[in-house]
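Spelled out, the chains give:
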Amino acid sequence: MNATTANAAHWLALHRSMCRIRAFEETALAAHQAGDIPGPLHVSIGQEAVAAGVCLNLRREDRITSNHRGHGHALAKGAGVAGMMEELHGRAGGHCGGKGGSMHIADFSVGMLGANGVVAGGIPIAVGAAQGLKLLGLDHIAVCFFGDGAINRGPFLEGLNWAALYRLPVLFVCEDNGVAAFTRAADVTAGPGVVARAAALGVPAVTVDGNDVGAVDAAAARLVAEVRGGAGPRLLHAQTYRHTGHTSTDAAAWRPADEVAAAKQGEPIARFEARLLAEGVATAAELAAVREDALAEMQAARAAAMAAPWPDPATAFSDVLGA
Amino acid sequence: MTTLVEALRLAALQEMKRDPRVWVLGEDVARGGLFGQYRGFLEKFGPDRVVSTPISEAVIMGAGLGAALVGTRPIIEMRIFDFVMCAMDELVNQIAKIRYMFGGQARPSLVVRMPHGLWRNSAAQHSQVLEAWFAHLPGVVVVAPSTPADAAGLLVSAIRSDDPVLFFDPKNLFGVEGEVPEVIEPIPFGRVRRVQSGNGLTIVSWSALMPAVQQAAAVLASRGIGAEILDLRCLWPWDQAAVVASARRTGRLLVAHEAVEVGGFGAEIIACVAEHAPGVKLARCGMPRVPLPFSPPLEEAIKVTPAKIVAAADRLLAR
Ligand SMILES: Cc1ncc(C[n+]2csc(CCOP(=O)(O)OP(=O)(O)O)c2C)c(N)n1
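Chain B is annotated in an unreviewed UniProt entry as Pyruvate dehydrogenase E1 component beta subunit of Humitalea rosea. The heading Cofactor (unreviewed entry) in the UniProt record of chain B holds the text "thiamine diphosphate".

The name that an unreviewed UniProt entry assigns to chain A is Pyruvate dehydrogenase E1 component alpha subunit, with the source organism given as Humitalea rosea. Taken directly from UniProt, the Cofactor (unreviewed entry) text for chain A runs: "thiamine diphosphate". Here chain A is described in UniProt, under the heading Catalytic activity (unreviewed entry), as follows: "N(6)-[(R)-lipoyl]-L-lysyl-[protein] + pyruvate + H(+) = N(6)-[(R)-S(8)-acetyldihydrolipoyl]-L-lysyl-[protein] + CO2".

What follows is the structure, given as structure tokens:
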């Protein structure tokens, strides 16, 4: 594959997006470990290629729903970093005014309809968003991110059946990191897996190497075009690896060390950088600068969040009802 | 001294050793459960009795019922209370009804464990306190202990019960320490524990709010007001007789709970005492009707604190 100018820009955007997610997650993890971020924190280190590869094929008006591990999806979709970092720190300027936190990040201004504290909770919402967009005659689509653990919940079956039945413009993205909390997904999932389940419900599905952002990007571009073109729902099954534990306080010590080490070898950013270098898209110094800029951006956002005001306790009583 | 979560572990361990029909199902239980409440169970009882399930709450609940109907005694672990919402049909329409609906043929001998309540700023979908919903539901027993010994004894009763017992694990108190006997005897449902005696007013509470109530009572005591504190322990059946007798004796009753005040179980207690002991002065203290916010100052603004309990007691004493 040769890098034309156009796709060189796109590749660099993919790289930058992944680096920003990685930097955000590492910064957030450190902040949580320092005691500055309250509540549970689930980071997506190692899974950046899925968020970036999918979201960079979307328009601002396209909607996404996410799960408990949703920082990357939000960032890749364009959510403001200051508002995200403040939200994680529980500050007034967070996207949700400090009411949501890490597990309930939303930025409706960029079509990010919310992370979710309930596994599979975002699936029906995405399906409904797609139905609404269709009803309004718009050609925007909905994308729904969920983990491999979610496919054992009823809303997966109900949501896919529904989307297929009404030919809704929704792309389901199963981010398969092989684990659900502390249990291997394979130990609790019968049958040949998510692709076959989707097929059985009339939703065409493809599997990609979710640590290869180029592969995710190419598959997402094709599937998004099909969905937007009115072909009905599609499912992207992206195989990846969660470098960290389930939450920031979980060491995932039960996983064999060599398995983790091997996964880190194939981690998406370094892998893509090797390709960018080989294709002559960027120099090592340029790529390092992107990483450093991303880290500086996130650390500045963290410092700003730490300095930002806490919410006025009176706001605990607002937004309960609209009136 | 034993932590509350360890006391619960020991109680379940004792019962699983005693009765091979007892088993546990839920997410990650073979890895010890989210809170370590099943640590070591897999090694002891094997994967047939310690079943790590898919994330399939409806089936976890429904399968637990089915297994109870054929004579086993499942402990159904919901991981965190809020996820029971994914299994409400199985719980409300099936489990709670099955004995009655089938004319007494069914014996739903199961425990549903639901670690509930405010905990480490876990926000709107991981902190809810909705035990009153279930007290409203005919066909289930509702248990909400606050000490290691009570938790252990009530869990033993729950496991041995032939009724569906909804066991509200107080997750914020899991680290609280107390004495637990070597052999854990069952504690009967529906009896209060008298935490301390007093003549100034009666305070009834339960579950995760008990430490705050005790702190509030210490403040009142420093001002010479003796509070009688009753830990309700069970919301259904609940110890009407003990509560009414104490309220009648002190003449004042404050019910404090972590849950939202509106429609909380405090309202039921207050109404009952108003009927059976007219003249007793009544008050309650709960959260405002607001979802749980994430940010610490916002959570602090709505949660029930010792200061709020003291303030409610002061208003009651001034009447
Ligand atoms: C309905 C429901 N059940 C259980 C949980 C607790 N929980 C949170 S994340 C998780 C594992 C999810 O695994 P997966 O969907 O594969 O996502 P991953 O964490 O691997 O990214 C569990 C069991 C929950 N949040 N919601």
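1. What about the overall build of chain A?
When helices and strands are counted, chain A shows 11 helices and seven strands. Computed over C-alpha atoms, the radius of gyration of chain A comes to 19 Å, within 12% of the 20 Å expected from 2.2 N^0.38 for 323 residues, which places it in the range of a compact globule. For chain A, the share of sequence-separated contacts (at least 6 apart) that also reach a separation of at least 24 residues comes to 74%. Accessible surface, chain A: about 12200 Å² in total, of which carbon and sulfur atoms supply 58%. One way to put it: in chain A the 25 positive side-chain charges average out to a point 5 Å from where the 31 negative ones average out.

2. Focus on the UniProt feature "domain: Transketolase-like pyrimidine-binding" (unreviewed entry) in chain B
What UniProt calls "domain: Transketolase-like pyrimidine-binding" (unreviewed entry) maps, in this numbering, to residues 2-176 of chain B. Split by type, residues 2-176 of chain B is 37% helix and 14% strand. Its first and last C-alpha atoms lie 8 Å apart.

3. Details of the confidence of the model for chain B
In the predicted model, chain B carries a mean pLDDT of 97, and the fraction of residues at 70 or more is 100%. Quick note on the complex model: pTM equals 0.93, ipTM equals 0.88.

4. A closer look at the site of the ligand
Around the ligand sit 21 residues, and of these A:H68, A:R69, A:G149, A:V179 and B:E57 come closest. Residues close to the ligand are split across chains A and B. At 2.9 Å, a backbone N or O of A:V119 approaches a nitrogen atom of the ligand. Contacts to the ligand include A:V179, whose backbone N or O atom sits 2.7 Å from an oxygen atom. In terms of residue class, the shell around the ligand is built from nine nonpolar, six polar and six charged.

5. Digging into the sheet that holds strand β1 (residues 63-65) of chain A
Residue and element names in this part refer to chain A. Spatial ordering of the open sheet is given by β1-β2-β3-β7-β6, a layout of five strands whose pairing is parallel. Of all the strands in the sheet, just β1 and β6 (205-209) have a single pairing partner and so form its edges. Within the sheet, the average angular offset between the axes of one strand and its neighbour, ignoring direction, is 20°. Two strands pair when backbone bridges link them, and strand β2 (residues 142-147) and strand β3 (residues 170-176) are joined in this way by six bridges, in the parallel orientation. Residue pairing for β3: C144 is matched across the bridge by F172. Helix α6 (residues 154-165) rests against β2, β3 and β7 (234-239) of the sheet, and its axis sits at about 150° to β3.

6. Here's the deal with the UniProt feature "domain: Dehydrogenase E1 component" (unreviewed entry) in chain A
As recorded in UniProt, the sites labelled "domain: Dehydrogenase E1 component" (unreviewed entry) are residues 17-313 of chain A. Structurally, residues 17-313 of chain A is divided into 44% helix and 10% strand, and its ends, taken at the C-alpha atoms, are 35 Å apart.

7. Observations concerning helix α7 (residues 210-222) of chain B
Residue and element names in this part refer to chain B. Across its 13 residues, α7 extends 18 Å between first and last C-alpha, which sits within 8% of the 18 Å expected from 1.5 Å per residue. Those residues of α7 that sit buried are M210, A212, V213, A216, A217 and L220. The arc enclosing the buried residues of α7, seen along the axis, measures out at 155°, which places them on a common side. At the exit of α7 stands G224, carrying a positive phi of roughly 85°.

8. A short note on helix α10 (residues 268-278) of chain A
Residue and element names in this part refer to chain A. All of the buried residues in α10 are P268, I269, F272, E273 and L276. Relative to the axis of α10, the buried residues are bounded by an arc of 125° and lie together on one face. Each element contacted by the buried residues of α10 is listed here: α1 (5-33), α2 (48-55), α8 (213-228) and α11 (284-307). The residue sitting at the N-terminus of α10 and contributing the capping side-chain oxygen is E267; that oxygen lies 3.1 Å from the backbone nitrogen of I269.

9. Overview of the domain arrangement of chain B
Residues and elements named next belong to chain B. As far as domains go, chain B holds domain 1 (2-178) and domain 2 (193-317). For domain 1 and domain 2, the distance between their C-alpha centroids amounts to 26 Å. With 23 residues of domain 1 at the interface, the matching set in domain 2 holds 25 residues. Between domain 1 and domain 2, roughly 2000 Å² of surface is buried when both sides are summed, and carbon and sulfur atoms account for 61% of that area. At the junction of domain 1 with domain 2, the criterion picks out 11 residue pairs in polar contact (both at pLDDT 80 or more). Elements with a minimum of two residues in the side of domain 1 that touches domain 2: α5 (131-135), β6 (141-143) and α6 (148-160). The residue inventory of the side of domain 1 that touches domain 2, partitioned by class, reads 15 nonpolar, six polar and two charged.

10. Comments concerning the interface of chain B and chain A
Each partner contributes residues to the interface: chain B has 32 residues there, and chain A has 35 residues. In total, chain B and chain A occlude about 2500 Å² of area from one another, counting both sides; carbon and sulfur atoms represent 67% of this. Where chain B packs against chain A, one counts one salt bridge. Residue A:R153 is joined to B:E57 by a salt bridge in which the shortest nitrogen-to-oxygen separation is 3.4 Å.

11. Regarding the side chain of A:R153
Tracing the chain through its elements places A:R153 in the loop between β2 and α6. When its relative accessible area of 10% is taken as the criterion, A:R153 is described as buried. In this structure the side chain of A:R153 is engaged in a polar contact, spanning 2.6 Å, whose partner is the backbone oxygen of A:V119. Those residues in contact with A:R153 that lie beyond four places of it in its chain are A:V118, A:V119, A:A120, B:I55, B:S56, B:E57 and B:C86.

12. Re a nonpolar patch on the surface
All names here are of chain A. Taken together, W162, L165 and Y166 make up a surface patch of nonpolar side chains, about 330 Å² in accessible area. Secondary-structure assignment places L165 in helix α6. For L165, a relative accessible area of 58% gives the class exposed.

Definitions and limits used
Residues numbered from 1 in each chain as written. Chains lettered and ligands numbered in written order. Predicted model: local features only at pLDDT ≥ 70, side-chain atom pairs only at ≥ 80, totals over all residues. Heavy atoms only, no water. UniProt positions renumbered as here; feature names shortened; annotations may be inferred. Helix = DSSP H or I, 4+ residues; strand = E, 2+ residues; numbered from the N terminus. Rg over C-alpha atoms; globule rule 2.2 N^0.38 Å. Contact = heavy atoms within 4.5 Å. Areas by Shrake-Rupley, 256 points an atom, 1.4 Å probe, with all protein chains shown as cover. Lys, Arg positive; Asp, Glu negative; His and termini not counted. Charge placed at Lys NZ, Arg CZ, Asp CG, Glu CD. pLDDT = per-residue confidence, 0-100. Near = heavy atom within 4 Å. Polar contact = N/O pair within 3.5 Å; in protein donor to acceptor, adjacent residues only side chain to side chain. Nonpolar A, V, L, I, M, F, W, Y, C, P; charged D, E, K, R; others polar. Pairing = 2+ DSSP bridges. Axes fitted to C-alpha atoms, helices over the stretch in contact; angles between N-to-C directions. Expected span 1.5 Å × (residues − 1). Buried < 20%, exposed > 50% of the residue type's maximum accessible area, 1.4 Å probe, protein only. Arc of directions from axis to C-beta. Domains from an automatic or database assignment. Buried area = accessible area lost by both parts, 1.4 Å probe. Salt bridge = Lys/Arg side-chain N within 4 Å of Asp/Glu carboxyl O. Patch = residues over 30% accessible without salt bridge, like charges linked within 9 Å, V, L, I, M, F, W, Y side chains within 5 Å.

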